[in-house]
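# Structural features, examined
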There are 2 protein chains.
Amino acid sequence: MDFSSKLLENAVNEVSRLPGIGKRTALRLVLHLLKQPAENTGYLAEALTQLRNEVKSCQKCHNISDTVLCDICNNPNRNAEIVCVVEDIRDVMAIENTAQFKGLYHVLGGKISPIEGVGPQDLEIESLVEKVKSGEVKELIFALSSTMEGDTTNFYIYKQIEGYEVVTSTIARGISVGDELEYADEVTLGRSILNRIPFEQSLKQ
Amino acid sequence: MDFSSKLLENAVNEVSRLPGIGKRTALRLVLHLLKQPAENTGYLAEALTQLRNEVKSCQKCHNISDTVLCDICNNPNRNAEIVCVVEDIRDVMAIENTAQFKGLYHVLGGKISPIEGVGPQDLEIESLVEKVKSGEVKELIFALSSTMEGDTTNFYIYKQIEGYEVVTSTIARGISVGDELEYADEVTLGRSILNRIPFEQSLKQ
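Please read all numbers here as calculations on a predicted model, not as lab measurements. (Residues numbered from 1 in each chain as written. Chains lettered and ligands numbered in written order. Predicted model: local features only at pLDDT ≥ 70, side-chain atom pairs only at ≥ 80, totals over all residues. Heavy atoms only, no water.)

## Remarks on the relation of the copies chain A and chain B
Relating one copy of the chain to the other takes a rotation about an axis and a shift parallel to that axis. With an RMSD of 0.0 Å, chain A superimposes on chain B once it is rotated by 180° and translated 0.0 Å along the axis. Look at the turn and shift together and you get a two-fold axis relating the two. Relative to the rotation axis, the closest C-alpha in chain A is found at A:Ala45, a distance of 2.2 Å. A shared interface surface links the copies, since 100% of the contact residues of chain A are contact residues in chain B too. (Least-squares fit on C-alpha atoms with pLDDT ≥ 70 in both. Contact = heavy atoms within 4.5 Å.)

Here is the structure:
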């Protein structure tokens, strides 16, 4: 792409560094900003800079937070003995939306992935193991994505806490509510049969 | 969406104001920035702010430029008597990429669109008409998109310069190079037959 302006080229380059945004989309976004009042660009730039410089992560669960402890960890009505282990804060938001979970979270910040160069030391695993060792956690729910990396991470943590008194579980894998059986992959379908639940129990959900 | 942080919510809201970016995508982009070094967010914010505050438009063609006259208008090898009228700077970039046009451009900044509240006074039409009236332009090529708004804009400008000595043309509409006839819409196909060109001429292109 040949740009008529260095400033424009620079802005397009910076925007196209974002994941999933190519040069053409970046140009469209930047030209949109140019058509808007200058304040809008100011607000955007300030919101991003402020977030990046001032954001904290909750000392307890490593969720993104404006305060030392996040609202969930600070809530006395939540059961601190049950901890749900998730990859990142989008998973916290997704589970919170279900309103089915009343325990606390532990955000790892990713999954173990040798290909991407992410090892256990890059994640918040040690602090999780400490929580278990101190006895404050009675149940761990692994809610990582069902991929090789997710399974590896689950298993690594499981090995670290072996021998300590804690119940571990993983979220159920099965056919999505509303999905047709014929379109499900065989691994998921197989697991949904192996892990079948009493019909009476399903009636109550 | 419930955010655990006001700063995060604010950043996501600002990013999701961009066209084609919803809240989920905005969250993904913002979390990506949080995983990167803080400088990267700084560079992005600065590039956008600097562009918005310092960018100029070329006094002659209204293309985006860092200088008073853009590189194209400044180039003595280009024919200033032929002016190609386009909607925005992306069209300039697209036509420049073909290396088929050696005249100058005139960037209108949009199309006349009553539905979106864009009238002739919101576009760079008056300065174009002035150029024609002064006699410095001998040929105008309309290269607006082939929509109702584009056609209206073409016609409006055409009426404004009626009676002045200037040749007007529009870019050819027809079947795209490499396209199958059966998938072309009938209007385009019809126009491509009406505006057929001598075969010998096509051999030379």
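This is not the end of the story, as more comes after the structure.
## Comments concerning the side chain of A:Lys131
Residues and elements named next belong to chain A. Mapping Lys131 onto the fold places it in helix H6 (residues 126-133). One buried charged side chain, Lys131, makes no salt bridge at all; its nearest oppositely charged neighbour is Glu136, positioned 6.5 Å away. Among residues more than four places away in sequence, those in contact with Lys131 are Lys60, Cys61, Tyr105, His106, Glu136 and Val137. (Helix = DSSP H or I, 4+ residues; strand = E, 2+ residues; numbered from the N terminus. Buried < 20%, exposed > 50% of the residue type's maximum accessible area, 1.4 Å probe, protein only. Lys, Arg positive; Asp, Glu negative; His and termini not counted. Salt bridge = Lys/Arg side-chain N within 4 Å of Asp/Glu carboxyl O.)

## Some remarks on the sheet that holds strand E5 (residues 139-142) of chain A
All names here are of chain A. If you trace the four strands from one edge of the open sheet to the other, you get E4-E3-E5-E6, paired in parallel fashion. Two strands lie at the open edges of the sheet, namely strand E4 (103-107) and strand E6 (167-170), each paired on one side alone. Direction aside, neighbouring strands of the sheet carry axes that sit 25° apart on average. Bridging between strand E3 (residues 79-86) and E5 involves four bridges; their strand directions are parallel. Counted as the bridge partner of Val83 is Leu140 from E5. Across the sheet, H6 is in contact with E3, E4 and E5; its angle to E4 comes to roughly 145°. (Pairing = 2+ DSSP bridges. Axes fitted to C-alpha atoms, helices over the stretch in contact; angles between N-to-C directions.)

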